[in-house]
Structures are given as C-alpha cells and as structure tokens.
Amino acid sequence: MRFDHRHLLGIEPLRPDEITTILDLADQYVSFNRRRDKHAKALAGLTQINMFFENSTRTQASFELAGKRLGADVMNMAMQASSIKKGETLIDTAMTLNAMHPDLLVVRHPHSGAVDQLAQKVNCAVLNAGDGRHEHPTQALLDALTIRRAKGRLHRLNIAICGDIAHSRVARSNLLLLHKMENRIRLVGPSTLMPSGIDAFGVEVYEDMAEGLKDVDVVMMLRLQRERMDGGFIPSEREYYHRYGLDAEKLSHAKPDAIVMHPGPMNRGVEIDGTLADDINRSVIQDQVEMGVAVRMAVMDLLARNLRARPTEVMA
Amino acid sequence: MTKTLITRAQLIDPEAGTIQDGAVLMAEGVIQTVFEDPSPNVPGAEIVDAGEAYLAPGIVDIGVKVGEPGERHKESFKTAGLAAASGGVTTIVTRPDTTPATDTPEAMEFIRRRANQAAPVNVLPMAALTKGREGREMTEIGFMLDAGAIAFTDCDSVVTDTKVLARAMGYARSLGALVMGHPQEPILSKGASATSGKFATLRGLPAVSAMAERMGLDRDLALVEMTGARYHADQITTAQAVAVLARAKGEGLDVSAGTSMHHLTLNEMDVADYRTFFKVKPPLRTEEDRQAVVEAVRSGVIDVIGSFHTPQDEESKRLPFEEAASGAVGLETMLPVLLRLYHSGELELPVLFKALSLNPAKRLGLACGRMSAGAPADLVLFDADKPFVLDRFALQSKSKNTPFDGARLQGKVLQTFVAGKGVHPSS
C-alpha cells in the first residue's frame with residue numbers, strides 16, 4: 001500500500017493503485033461511521049483548517065465531520081467575505097496561514113488553480129475541496145466508492161456523465177478517475193455545455209440522452225448552475241429538462257440495474273425528476289453523501305501518516 | 001571625431017541574407033564602411049576586437065510597454081532603456097497603453113522629452129488611435145504624427161465599434177499613418193486566459209478559441225481593403241490567422257504582421273501548474289500553432305518579431321491564474337530566447353535579424369536595421385553560443401516577470417552600439 005503525496009490537489013497526479021488504497025481505507029471508515037462510538041485518533045493533535053473562499057454547506061460539513069471523527073482540532077474560516085475582497089494575494093494568505101501552523105488545510109476557491117498555487121507556499125498538507133472548474137478530487141473519490149460498492153467493481157463499466165460538463169470540476173475529476181480505472185465513459189449534453197478539446201480525452205460524446213444512456217451501468221447527473229439557465233448556454237429551463245432532464249423514460253434506455261448519481265444539491269425538475277431522485281432502487285444519491293465523509297477521513301488519514309513520517313520542519 | 005572600427009566580426013546582413021567575416025567602421029553615428037577584410041587598417045580608429053562574435057543590426061522592438069506615465073514603479077524610461085541596451089535592442093517603439101493613455105500631442109511631447117533624457121537607446125512612441133483607448137472617438141492623429149508618433153494603436157483594447165475603426169483607419173490613410181491592430185474578436189475572447197482545447201479544459205481555465213484571432217484579423221483586413229489604410233497586425237499567433245494573412249498579402253494589401261518571442265518559443269503546456277508568469281495576451285497556443293508561426297517567420301509571411309515587453313509587479317502576478325495580470329518582460333531576454341530557434345535549426349540568423357531589425361525598421365520608415373554603409377550605427381555584438389542560466393533578479397528591468405527564470409539559454413549580448421556609441425556594457 002503506497003500513497004506518496006503531500007497534498008491531494010486533484011485526481012490527475014494519482015495512480016490507479018493509490019486510488020484503490022484510498023477506497024479500501026474509506027471502506028473501513030464506512031463501517032466505522034455506522035458504529036455508535038465514532039471517535040478515532042488518526043488526526044489527534046493535528047489542526048485542520050477549512051478555508052472556503054466559496055460558499056459550501058455540504059462539503060464543508062463533510063470535511064468538518066471527517067476531521068472531528070478522526071480527532072483533529074477543526075477550525076472553519078469563511079473567506080469569501082474577508083481577504084479575497086481586499087485584494088490580498090495568495091502568497092499573503094499562505095503567509096498568514098503558515099504562522100498559525102495548521103497540519104491540514106482544506107481549501108475551496110472559485111478560481112481554477114488557486115489551491116495548487118496556495119499549496120506551493122504553505123507548510124502543511126493541502127486538500128482541494130474544489131477549485132473553479134478544475135478539480136474536486138474528494139467528490140470523484142466518493143463517487144468511485146459509491147460505484148464500487150453498488151456495482152462490485154470499478155472497472156469495465158459503461159458510465160454516462162450528463163449535463164453541464166464544461167463548467168463542472170466534478171465532471172473533470174470523475175472523468176480523470178474513471179478513465180484511470182479503465183471504464184468506458186460517455187459525456188452527454190448539449191454542445192454548449194461541452195468543454196473544448198474533449199475529443200482528445202478518449203471519451204464518447206453524445207448530444208442525445210436516449211442514445212447516450214443506452215446500456216450504461218451508471219448515470220451521473222451534474223448540477224446545472226442557475227446562472228447558466230437563461231439563454232446563454234441553453235434556451236430555457238424547460239427545454240433543458242425536456243431534452244436532458246433525467247426521468248424514468250430516459251433512464252429506461254440504460255441497463256435495468258443502472259444506478260443514478262448526483263453530486264448535489266439537486267435542481268429537481270431541471271436536471272433530474274424528483275421522484276426518480278428519491279427512488280431507493282435506482283438512486284444512490286444518499287449513499288454518495290455517506291461515502292463523502294468516509295472518503296475524506298481516508299484521505300486525511302493517509303496525508304496525516306505522510307505528515308507524521310516527515311521530520312518536523314523548522315520549529316523556531 | 002571618433003571613429004570606431006569593429007574588427008574580426010561575423011557580419012549578419014539581413015538584407016542580403018548572409019553571414020560573412022568582416023569589419024565595420026562607425027563614425028558620426030553611422031556605418032561608414034563595411035569591410036570584407038576582418039582586420040583592415042584604418043588609421044586613427046579605435047579598435048573593438050569582436051573575436052569572431054556575431055555583429056548584427058540592432059533590434060527594433062515594436063510594442064514595448066514603459067510605465068511612464070502612470071506606472072513608473074513597474075518600469076521607467078531609464079530602466080527600460082538599460083534593459084533594451086543589455087538585450088541588443090537599439091530602438092524601442094513604445095505602446096500608448098499608459099496611464100493615462102498616450103492620446104494627445106502633449107503626452108507625446110512628455111514621452112519624447114523623458115525618453116531622450118533617460119534612455120540610452122532610441123525611443124519612438126506610438127500613439128492611441130482612439131481617445132483614452134476607449135474605441136469611441138479618434139485621437140488627433142495629425143497633430144500626434146507631427147509630434148512624432150510613429151504608429152497608431154489601441155493595443156490590446158480592440159475597437160469594438162467597427163464604424164469608429166473604419167473612420168479612424170480612413171483618416172489615418174489620408175495622412176499616411178500606420179495603424180497597428182490587435183487581431184482578436186473582442187467579445188469571444190473576453191475573460192479568457194487560455195486557448196480552448198484539451199489543456200485549458202484539464203486546467204479548468206476560461207478559454208478562447210484560436211479562431212477569435214482569425215476573426216479579428218478578417219475584420220481588420222476587410223477594413224484595410226475598404227479604407228486603404230497602412231496596417232500592421234501586432235501579434236499573429238495561430239495557424240488559422242497565418243493562412244488569412246498569407247492570402248491578404250498575396251492579394252497585395254498593404255499589410256504587415258508581427259508575432260511575439262513567447263509565441264515562437266513557448267506553448268500552452270508551459271503554463272503547467274498555473275504559472276502566472278506564462279500568462280500573456282493573447283494566451284499561449286498549441287505546439288502546432290507555434291510551429292506554424294515559426295514557419296511563417298521563416299517564409300516571411302510574418303514580418304516582425306517583438307518582445308511585447310510588459311512589466312508587471314509581483315503582486316499582480318501572485319493571484320489565481322484567471323485574475324493575474326498578463327504579460328512578460330522581454331527586452332533583455334528576447335535575443336537569447338530566440339537563439340533557441342537558431343540552435344534547434346528552426347531559424348537561420350539572417351532570417352531572425354530580418355524579423356528583429358530590418359523589417360520593423362522598413363515598416364516604420366527608419367534607416368536603421370541594415371548592415372550597410374550610410375545606415376545608423378545601431379549594432380549588436382553577440383556570442384550565439386555562450387550558455388547561461390537566466391536569473392530574473394539579475395534583469396535590469398524594474399519588473400522581473402519573465403517566464404524564462406531559471407531557463408538554460410545560449411547566447412549573450414557582448415556589446416550594443418547606438419549611433420556608434422557603446423551603450424552596453426555601461427561604463
């Protein structure tokens with residue numbers, strides 16, 4: 001078992017065996033989290049700072065819970081209101097943080113690459129909790145764990161990722177992860193929501209849901225941001241729902257045991273039919289939330305082990 | 001009267017396309033004689049032994065940003081001049097995207113006065129085409145031409161109102177003024193910090209299609225056809241635009257075009273993990289585009305290479321990639337960086353200096369850029385092979401934003417002469 005990383009900035013630098021390592025450990029944490037007593041000591045004595053430059057209730061709560069269950073001292077810093085508006089550079093932010101001596105830093109930022117840039121300047125382990133349109137690695141890992149538990153494997157599956165691929169970091173990270181694990185990936189959505197250069201990714205692109213979903217094992221829906229709904233990228237909410245919203249009819253083209261996923265929060269009646277989202281026979285959306293905590297515990301545990309293995313840096 | 005004789009040099013003549021051993025006699029600010037004999041006997045001349053190094057016409061760099069007026073903390077005429085001299089650039093053609101924009105004859109006079117006091121090289125200012133570079137009303141093109149404006153441009157602020165641009169170009173034509181455009185479809189490229197494609201998608205960066213450059217060029221060329229204006233495209237960086245440019249030239253339009261040192265030597269992948277010093281405008285392109293641009297320089301479709309020297313302070317680069325300022329300094333690094341193309345066999349030295357010295361001089365109606373008797377004695381003596389590792393903090397520029405920090409380069413400027421006087425190394 002090897003996981004030689006100081007940070008988790010994205011799926012891109014991970015090897016398939018490292019992904020498996022994370023998922024195996026996360027599996028153990030799933031059982032652990034279902035116990036009455038949920039206190040471990042993997043992060044005891046360590047300080048975890050959650051720095052969210054962009055609003056997020058769910059992801060932040062998931063990271064906070066994960067840290068607390070592993071015994072870390074967790075602190076949340078809501079950044080969107082303060083320094084980012086004052087034109088503070090990333091370096092200034094990093095300097096301020098270094099002075100506080102955190103061990104784990106969980107960062108979400110509205111700009112692609114900002115978490116990488118911060119990681120280059122801080123002394124602690126950095127976890128990317130989503131940066132712009134770039135990556136959201138823990139989301140891809142929790143999706144992978146959900147798929148593996150539902151399907152019994154994480155390879156040679158037909159997986160359709162549907163909706164706003166262009167603006168989605170979740171889609172990027174999932175694409176990279178599922179590709180590394182040797183699955184067949186289809187992207188389904190209108191051409192206006194497809195990123196450029198997608199032909200070079202080794203995926204199949206569909207503009208029609210029925211065709212795109214034919215015989216797939218997994219249907220991953222993406223959230224359509226409100227600001228993209230009127231006129232700019234799609235003509236209207238109702239036309240989008242008609243052509244790309246997942247309902248029972250469109251899902252009938254997939255394999256009978258195909259699972260339905262969504263990273264949340266959902267727009268019911270825009271990208272997914274409300275009843276379908278609640279159908280416990282098809283939808284694994286609740287499982288995804290549960291896997292989220294376990295995967296984040298696994299990643300932080302692994303990063304903390306690497307942290308402890310390293311000699312302490314300059315204790316002045 | 002001092003006479004200086006540079007002996008034992010390999011003379012690069014971009015007009016003839018040759019490299020020959022020889023010597024050059026400079027006096028009264030001009031090249032008096034070009035000798036085929038590497039060590040001729042000229043009584044009373046001060047001798048500079050080139051020791052087999054290359055001697056070429058000094059570089060004429062179109063599109064240099066100096067921070068005066070408005071941003072002197074980024075670059076002054078003095079530091080830009082020193083940077084130019086140490087990079088073998090003997091004429092800098094400045095951009096009007098100053099703060100405020102250089103859009104009045106009074107502002108032109110300020111620049112000419114400051115430049116002459118402070119810079120050791122020739123400084124020729126360009127003026128804004130529209131007031132405040134806002135694309136609404138044309139500037140006093142005639143007055144500024146009289147005040148010494150060498151060309152008119154709104155730089156990267158593309159005139160979106162085609163009617164305004166058509167009128168400004170028509171008016172410029174009546175005065176014979178050169179208009180420099182930034183070929184880019186402005187609405188399509190708004191907010192973009194990368195070129196559309198796999199790399200931009202992987203990095204999640206807002207991107208613009210390479211086609212936006214072709215669209216901008218298409219429009220500008222149609223206006224050239226319509227108005228008859230003399231036109232220079234500042235930077236052509238894509239294969240699609242090269243094709244359009246070649247066609248326009250084939251049809252006999254009075255157009256010329258430049259490209260940047262960065263687009264000739266780097267591609268989008270160099271941005272790697274969001275390195276903001278690699279953020280330039282237009283954004284770096286694919287390797288296929290880079291190769292097409294190199295080929296266009298070689299074949300003469302692209303006439304001019306410039307540094308597009310854009311000093312930025314550290315703070316403006318220490319931001320997320322999308323938010324960070326664009327541009328890189330290049331006056332000092334341009335020659336060694338472009339010598340990579342020589343060492344890799346992509347471009348011959350006479351071709352390089354045609355694009356660096358001769359062609360820009362010709363397009364601007366300057367007598368320099370030539371290795372012949374009577375031409376101004378603006379010359380650069382350089383060793384094409386000397387290896388070094390670039391240290392950005394050793395640059396003369398006030399701003400150190402170069403993408404080539406730590407790069408292994410080959411080629412060093414030994415001496416720079418402006419009007420026969422040594423300006424580098426400074427004594």
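Keep in mind it's a predicted model, so treat the numbers as computed, not measured.

Attention now goes to the overall build of chain B. Tallying secondary structure elements over chain B gives 12 helices and 18 strands in all. By its C-alpha atoms, chain B is 65 × 50 × 45 Å across when sized along the principal axes. Counted over contacts in chain B with a minimum sequence separation of 6, partners at least 24 positions apart contribute 75%. Each charge class in chain B was averaged separately, 44 positive and 53 negative side chains, and the resulting centres sit 3 Å apart.

This part covers the UniProt feature "binding site: carbamoyl phosphate" (unreviewed entry) in chain A. Residues and elements named next belong to chain A. The UniProt feature table records "binding site: carbamoyl phosphate" (unreviewed entry) at Arg58, Thr59, Arg108, His136, Gln139, Gly264 and Pro265. In this fold, Thr59 is placed in helix 2 (residues 58-69). In this structure, Thr59 is in contact with Phe52, Arg108, Ala129, His136 and Arg296, ignoring residues within four places of it in sequence. With respect to the element layout, Gln139 can be found in helix 5 (residues 137-151).

Turning to a nonpolar patch on the surface, a few remarks are in order. All names here are of chain B. A cluster of nonpolar residues, Leu188, Met211 and Met215, forms a patch on the protein surface that exposes about 230 Å² of accessible area. Following the sequence through the fold, Leu188 ends up in the loop between strand 10 (178-181) and strand 11 (194-195). Take Leu188: its relative accessible area is 41%, and that puts it in the partly exposed class.

With that out of the way, let us pick up the side chain of Glu135 of chain A. Residue and element names in this part refer to chain A. Here Glu135 is to be found in the loop between strand 4 (125-131) and helix 5. Reaching out from Glu135, the side chain makes a polar contact with the backbone nitrogen of Ile11 at a distance of 2.7 Å. Separated by 2.6 Å, the side chains of Glu135 and Ser173 make a polar contact. Sequence-distant contacts of Glu135, defined by excluding residues within four places in its chain, comprise Leu9, Gly10, Ile11, Glu12, Asn128, Gly130, Arg169, Ser173 and Leu176.

Turning our eyes to something else, we now look at helix 6 (residues 211-227) of chain B. For helix 6 of chain B, which comprises 17 residues, the first-to-last C-alpha distance of 24 Å matches the rise-based estimate of 24 Å (1.5 Å per residue) to within 8%. A positive phi of about 80° marks Gly228 of chain B, the residue just after helix 6 of chain B.

Moving on, we come to the packing of aromatic side chains. Residues and elements named next belong to chain B. All chains considered together, the criterion is met by 4 aromatic pairs over all chains. An angle of 25° between the planes, with centres 5.5 Å apart, marks the rings of Tyr54 and Phe382 as stacked. On the criterion of sequence distance, the pair formed by Tyr54 in strand 5 (residues 54-57) and Phe382 in strand 16 (residues 379-389) is long-range, its members being 328 residues apart. Of the two residues examined, Tyr54 and Phe382, each falls in the buried class. Every member of this aromatic cluster is reached through a ring pair, and the members are Tyr54, Phe353 and Phe382. Taking NZ or CZ as reference, Arg203 lies 5.8 Å from the ring centre of Tyr274, over its face.

On the chain B side, the residues contacting the 23 residues of chain A number 19 residues. Across the interface of chain A and chain B, roughly 1,800 Å² is buried in total on both sides, 58% from carbon and sulfur atoms. For Glu12 of chain A, the salt bridge goes to Arg203 of chain B, with nearest N and O atoms at 3.0 Å. Along the contact surface separating chain A from chain B lie 12 residue pairs in polar contact (both at pLDDT 80 or more). Counting residues per element, the ones that place at least two in the side of chain A that touches chain B are helix 3 (90-100), helix 4 (114-119) and helix 6 (169-180) of chain A. The element that contributes the greatest number of residues to the side of chain A that touches chain B is helix 4 of chain A, accounting for 3 residues. Classifying every residue of the side of chain A that touches chain B by side-chain character gives 7 nonpolar, 10 polar and 6 charged.

Moving on to the sheet that holds strand 1 (residues 47-52) of chain A. Residue and element names in this part refer to chain A. An order of 2-1-3-4 is seen for the 4 strands of this open sheet, with the pairing classed as parallel. Both outer strands of the open sheet, strand 2 (73-78) and strand 4, are each paired with one neighbouring strand and no more. Averaged over all pairs of adjacent strands, the angle between their axes in this sheet comes to 15°, without regard to strand direction. With 6 bridges connecting them, strand 1 and strand 2 associate as parallel partners. Across the sheet, residue Thr47 finds its bridge partner in strand 2, namely Asp73. Across the sheet, helix 2 lies against strand 1, strand 2, strand 3 (104-109) and strand 4, angled at about 180° from strand 1, the strand it touches most.

This brings us to the pairing of strand 7 (residues 89-94) of chain B. Residue and element names in this part refer to chain B. Along strand 7, 6 of the 6 residues are buried, which leaves the element largely enclosed by surrounding structure. Where strand 6 (residues 59-64) lies against strand 7, 5 bridges are found, and the strand directions are parallel. Among the inter-strand pairings, Val64 is bridged to a residue of strand 7, identified as Thr94. Handedness of the crossover joining strand 6 and strand 7 through helix 1 (residues 77-86) is recorded here as right-handed. With 4 bridges joining them, strand 7 and strand 8 (residues 122-125) adopt parallel strand pairing. The residue of strand 8 that forms the bridge with Thr91 is Asn122.

Rules of the game
Going along each chain's sequence as written, the residues are numbered from 1 onward. Chains and ligands are labelled by the order in which they are written, letters from A for the one and numbers from 1 for the other. In keeping with the predicted nature of the model, local features appear solely for residues at pLDDT of at least 70, side-chain atom pairs appear and are counted solely at 80 or more, and the whole-chain, interface and lining totals rest on all residues. Only heavy atoms go into the side-chain values, all of them from the structure, while hydrogens and water stay out. Runs of E in the DSSP output that reach at least two residues are strands. Runs of H or I that reach at least four are helices, and both are numbered from the N terminus. Residue contacts follow a heavy-atom distance rule, with two residues in contact if any of their heavy atoms lie within 4.5 Å. The sign given to each residue is positive for Lys and Arg and negative for Asp and Glu; His and the chain ends receive no count. Charged side chains are reduced to one point each, which is NZ for Lys, CZ for Arg, CG for Asp and CD for Glu. UniProt positions are given in the numbering used here, feature names are shortened, and annotations may be inferred rather than shown by experiment. Excluding any residue in a salt bridge, patches collect residues exceeding 30% relative accessible area, merging like charges within 9 Å and nonpolar Val, Leu, Ile, Met, Phe, Trp and Tyr side chains within 5 Å. Note on areas: Shrake-Rupley with a 1.4 Å probe; residue coverage comes only from the protein chains shown. Criterion for a salt bridge: a side-chain nitrogen of Lys or Arg within 4 Å of a carboxyl oxygen of Asp or Glu. Exposure is judged per residue with a 1.4 Å probe applied to protein chains only, and the accessible area is read against the type maximum: over 50% gives exposed, under 20% gives buried, and values in between give partly exposed. In protein, a polar contact means a hydrogen-donor-capable atom and an acceptor-capable atom, both N or O and within 3.5 Å, with residues adjacent in sequence counting only if both atoms are side-chain atoms; elsewhere, any N or O pair within 3.5 Å suffices. One less than the number of residues in a helix, times 1.5 Å, gives the span that helix is expected to have. Think of it this way: a Phe, Tyr or Trp ring, Trp meaning its six-membered ring, pairs with another when their centres are within 6.5 Å, and the plane angle makes it stacked under 30 degrees, edge-to-face over 60, tilted otherwise. Charges are assigned to positions over rings by a cutoff of 6 Å between ring centre and Lys NZ or Arg CZ, combined with an angular limit of 35 degrees from the ring normal. Note: buried area is the sum, over both parts, of the accessible area (probe 1.4 Å) each one loses when the two are combined. Each residue receives one of three labels: charged for Asp, Glu, Lys and Arg, nonpolar for Ala, Val, Leu, Ile, Met, Phe, Trp, Tyr, Cys and Pro, and polar for the others, Gly being one of them. By the convention used here, strands pair only if DSSP detects at least 2 bridges between them. Lines fitted to C-alpha atoms define the axes here, with helix axes fitted over just the stretch in contact, and angles between the N-to-C directions of these axes take values from 0 to 180 degrees. Crossover handedness is defined by viewing with both strands directed away from the observer: a clockwise path from the first strand over the helix to the second marks the crossover as right-handed.

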